[in-house]
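The lines below spell out each chain.
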Amino acid sequence: MSDQSDSPRKQSTGPDIDRASEQASDQEGPAIVSRRWLLLKAGIALNGLVGLALAVPIVRYLLAPVRKDDSYKSWISLGAADSFPMGETRLVSFKNPWTRPWDGETDNVAAYVRKEGANQFTVFAINCAHLGCPVRWFPQSQLFMCPCHGGVYYADGSRASGPPERGLFTYDYKIAGGQLQIDAGQMPSLSNTAKLVNISRPGQDGRAKDGDCGCRG
Amino acid sequence: MKQGRTQMWKQVYDWFERRLQIEGPIKDAVLHKVPRNTASWWYVFGSAAFTLLMLQIVTGILLALVYVPSGAEAWNSLNILNHQVPLGWFLRAMHGWGSDFMVAVVFIHMAQVFLFGAYKFPRELTWTVGVFLLLMTLGMAFTGQVLRFDQDAYWGLGIGVFILSRVPWMGGGLVHLLLGGPTIAGATLSRFFALHVFVIPGTLLFLVAMHVWMVLKLGINEWPMPGRLVRKSTYIAEYNKLAHEDGIPFIPGAFWKDLIFSGAVLAAVAVCAAVFGPYGPGGQPDPSITQTVPKPDFPFLWIYAVLSYLPPSMETPFILTAPILMIAGLLAVPFVAGEGEKSWHRRPVAVLALTSVALAWAVFTHLATYTPWSPHMSAWSGDTLPVKYLRAATPLVRQGAVIFQAKQCRNCHSIGGQGGERGPALDAVATRMTLDQMRYKVVTGGGNMPAYGKNLSPPEIEALVSFLETLHPANEQPAIDASQQATQSSALPAPASGSSPP
């Protein structure tokens, strides 16, 4: 340490050495240099190949959640079909069939069940067709209202007013052993359950169909 | 003795410097000359954004000591941070307010850089990297909101799902990728944790290094002067001349202002954190609880407002193209206007564009804060009718008032300053609409109003419009239509003219 030449100000030694070695390699002749470049290219190619081979399982792993909608869905019972009062709309909740132990409360899913006849039901997703916020049912005025942007739906799920482009999403249902079952397991959105289709029902406001596009020929 | 100690420190320093060899680059960075008038209070926002990034990293690591990134536990762990861990609330508040400040400062920095023409040659790439830094900052804000994992986080993600699901063909797959499964659940939180803590901060730090490197290599943008044009052939020489002839060393000449502003910003974050406290968490992330009014965090409020004003037919085209056009527009700025004037005195279009964007942003954020379009879900049962409207009411009018409350009209229409604002206030509705018009509107709806014809019986409609007809100031007559007016005006002077009544 006592040696004054240890001072950082004399930095020139490093670059000098580099330059010297560069000159040395130039003197080794073009054949040797091109062989080194070839080896370097071989090294890059090897790493590229291994990278590609590794990319396959990595991409497969990353895309694991992407599946057909049906593979996520299954039939879930919402209770005895008789337990729903005729002509009324009830909020029910069920456990999402596709769960992990660490899902916590998020595996509770809600739906609105409307009983229209002896075994006639409509089961609505609670998600507003605009941006998915949970709509609330008001039995007094027979309307669903969304708290986010004020989308409103009639009792049959058709669009009444506000920004939604279509009516509420519905679940497929069946009655099995007296139980009302729905085909659920997937967050309803415009890309799966119902798509952006016209589900116009009797009495729907004509203007509501503006956004519903080429389904009316 | 003292000299000996100094000698010893010098030796220790030299030992490290011999190996690190970092003194030269640091000295270059610290002492490089900057044009004298860039040592300005206008040039402090970039360093403040960097300081806030450091604050976010430090507070983020401290929060990660307690936070549990599990769908089942995240919400609980935040409540424990808020209420049980000593000063956990303060750390959460610092991180939350630091986030808002960082977004704000990054936007201000961008506006300043745009206004000063700093994106022009040779700093195009600095601007481009800056655009990605802005996107990363917004990405941090959104993923951070998700990590709060309360109702707002849940339904905010739901909005993300509904936006992504509109992408043609790939929508479903993109939604699955975003959520890590078919629904918002534990897998979703895990991947947003990875994004918020590893992926985005890593990218952010790399891009920041690139950004700062280019600022050092290319020099800070000189103060724009009207008439001093940027030309690719001459700019570098002109800039170097300016920096050397009328330059001062970056430290301390300009840096003291950066330091003071950064310190003030940090202090402001701490004061906001201490006074206003942490954000939430709000209600637990149970999607079966529909009694919720989801709202995004501050940086995204404007989007929330824009999405409510779009006509339904515009929704999908807008959502799919607007973000791409916005980002493309920002990226294109230096390539469209890479040369020429830098001064805002000679760039009216730039000034107008910036002002318009800022105004639009402010208006939409204000609208979203006061949500005039969201129904007030409890107005029908919670807000009372002012007594003065019912003082002289007939039984039919009173019945109408009951219907007005019970059928949730109040959720969208205010009376006496209380109630929703989605529809117009009805305090003086009778002066605007005739009885027939009101009846028609109630039955058929239209615009943003549902048709109540299906849900109200004819007697209920009669009672309701009777009540609405009383809603006018005492000194103003209710509206009547032209035919009524004609019969009234012809009926009044009739006796004077002497003709016999019909």
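Just so it is clear, the model here is predicted, and its values are computed rather than measured.

Quick word on helix 8 (residues 171-179) of chain B
Right, so step 1: Within helix 8 of chain B, the full set of buried residues consists of G171(B), G172(B), V175(B), H176(B) and L179(B). Down the axis of helix 8 of chain B, the sector holding all buried residues measures 135°, keeping them to one side.
Right, so step 2: On its buried face, helix 8 of chain B sits against helix 3 (69-72) of chain A together with helix 7 (151-164) and helix 9 (186-218) of chain B.
Right, so step 3: Positive phi appears at G180(B), one or two residues downstream of helix 8 of chain B, with a value of about 75°.

With respect to the confidence of the model for chain A
Residues and elements named next belong to chain A.
Right, so step 1: Per-residue pLDDT for chain A has a mean of 78; in total, 76% of the residues score no lower than 70.
Right, so step 2: Within chain A, the lowest mean pLDDT, 52, falls on helix 1 (residues 13-26), and the highest, 93, falls on helix 2 (residues 30-62).
Right, so step 3: Contacts of residues 1-15 to residues separated by more than four positions or lying in other chains number 9 contacts, the stretch itself having pLDDT below 50.
Right, so step 4: A low-confidence stretch, residues 194-217 stays under pLDDT 50, and its non-local contacts, those more than four residues away or across chains, total 42 contacts.

Describing the interface of chain A and chain B
Right, so step 1: Facing 69 residues of chain A, the contacting portion of chain B comprises 72 residues.
Right, so step 2: Interface of chain A and chain B: buried area, both sides summed, is about 5,900 Å²; carbon and sulfur atoms make up 61% of it.
Right, so step 3: Considering only the surface of chain A that becomes buried against chain B, L131(A), R136(A) and M187(A) emerge as the three largest contributors, covering 12% of it.
Right, so step 4: Summed over the shared surface of chain A and chain B, the number is 1 salt bridge.
Right, so step 5: Measuring nitrogen to oxygen at the nearest pair gives 2.8 Å for the salt bridge that ties R166(B) to E165(A).
Right, so step 6: Applying the counting rule to chain A against chain B returns 28 residue pairs in polar contact (both at pLDDT 80 or more).
Right, so step 7: For the side of chain A that touches chain B, the secondary-structure elements that each account for two or more residues are helix 3, strand 2 (89-95), strand 3 (108-117), strand 5 (136-138), strand 6 (143-145), strand 7 (152-154) and strand 8 (159-161) of chain A.
Right, so step 8: With 4 residues, the single largest contributor to the side of chain A that touches chain B is strand 3 of chain A.
Right, so step 9: Among the residues making up the side of chain A that touches chain B, the classes are represented as 36 nonpolar, 22 polar and 11 charged.

With respect to the state of the cysteines
Right, so step 1: Following the criterion strictly, the structure yields 1 disulfide over all chains and no others.
Right, so step 2: Here C133(A) connects covalently by a disulfide to C148(A), the sulfurs 2.0 Å from one another. Of note, the bridge from C133(A) to C148(A) carries an S-S torsion of about -85° and is left-handed in sense. A residue pair is termed long-range when its members are at least 10 positions apart, and C133(A) in the loop between strand 4 (120-125) and strand 5 and C148(A) in the loop between strand 6 and strand 7 qualify at 15 residues. The exposure classification of C133(A) matches that of C148(A), with both residues buried.
Right, so step 3: Among the cysteines around C409(B), which has no disulfide bond, C412(B) carries the closest sulfur, lying 9.0 Å off.

Here's the deal with the side chain of R410(B)
Residues and elements named next belong to chain B.
Right, so step 1: Structurally, R410 is set in the loop between helix 17 (395-406) and helix 18 (429-432).
Right, so step 2: Buried and unpaired, R410 has no salt bridge, with D383 as the nearest side chain of opposite charge at 4.8 Å.
Right, so step 3: In this structure the side chain of R410 is engaged in a polar contact, spanning 3.1 Å, whose partner is the backbone oxygen of I415.

Quick look at the pattern of salt bridges
All names here are of chain B.
Right, so step 1: Counting across every chain of the model gives 14 salt bridges over all chains.
Right, so step 2: A salt bridge links D150 to R148, with the nearest nitrogen and oxygen atoms 3.3 Å apart.
Right, so step 3: Since its relative accessible area comes to 3%, D150 is described here as buried.
Right, so step 4: Across the pair D436 and R439 runs a salt bridge, and its minimum N-O distance is 2.8 Å. With a gap of 3 residues between them, D436 and R439 both fall in helix 19 (residues 435-444), about one helical turn apart.
Right, so step 5: In this structure D436 comes out as partly exposed when scored by relative accessible area, which is 45%.
Right, so step 6: Where salt bridges share partners, they join R148, D150 and D297 into one cluster.

Scoring rules and cut-offs
Each chain carries its own residue numbering, running from 1 in the direction its sequence is written. The naming scheme follows written order: chains are lettered A onward, ligands numbered 1 onward. Local features in this predicted model are restricted to residues whose pLDDT is 70 or higher, and side-chain atom pairs enter the listing and the counts only when it is 80 or higher, whereas totals over whole chains, interfaces and linings include all residues. Just so you know, side-chain values use all the structure's heavy atoms and leave hydrogens and water out. Only protein chains enter the area calculation, which uses a 1.4 Å probe; residues under 20% of their type maximum are buried, those over 50% are exposed, and those in between are partly exposed. Helix and strand definitions here come from DSSP, where helices need a minimum of 4 consecutive H or I residues and strands a minimum of 2 consecutive E residues; each element is numbered from the N-terminal end. Directions drawn from the helix axis to the C-beta atoms are what define this arc. When checking whether two residues touch, look at their non-hydrogen atoms; a contact exists if any pair is within 4.5 Å. Scored from 0 to 100, pLDDT records how confident the predictor is in each individual residue. Joining two parts hides part of their accessible area as seen by a 1.4 Å probe, and the buried area is that hidden amount summed over both. In what follows, salt bridge is the name for a side-chain nitrogen of Lys or Arg lying within 4 Å of a carboxyl oxygen of Asp or Glu. N or O atoms closer than or at 3.5 Å make up a polar contact, with two conditions inside protein: a donor-capable atom paired with an acceptor-capable one, and, for residues adjacent in sequence, both atoms drawn from side chains. When residues are grouped by polarity, Ala, Val, Leu, Ile, Met, Phe, Trp, Tyr, Cys and Pro land in nonpolar, Asp, Glu, Lys and Arg in charged, and all others, Gly among them, in polar. Any two cysteine sulfur atoms lying within 2.5 Å of each other are counted as a disulfide. Positive: Lys, Arg. Negative: Asp, Glu. His and the chain ends are not part of the count.

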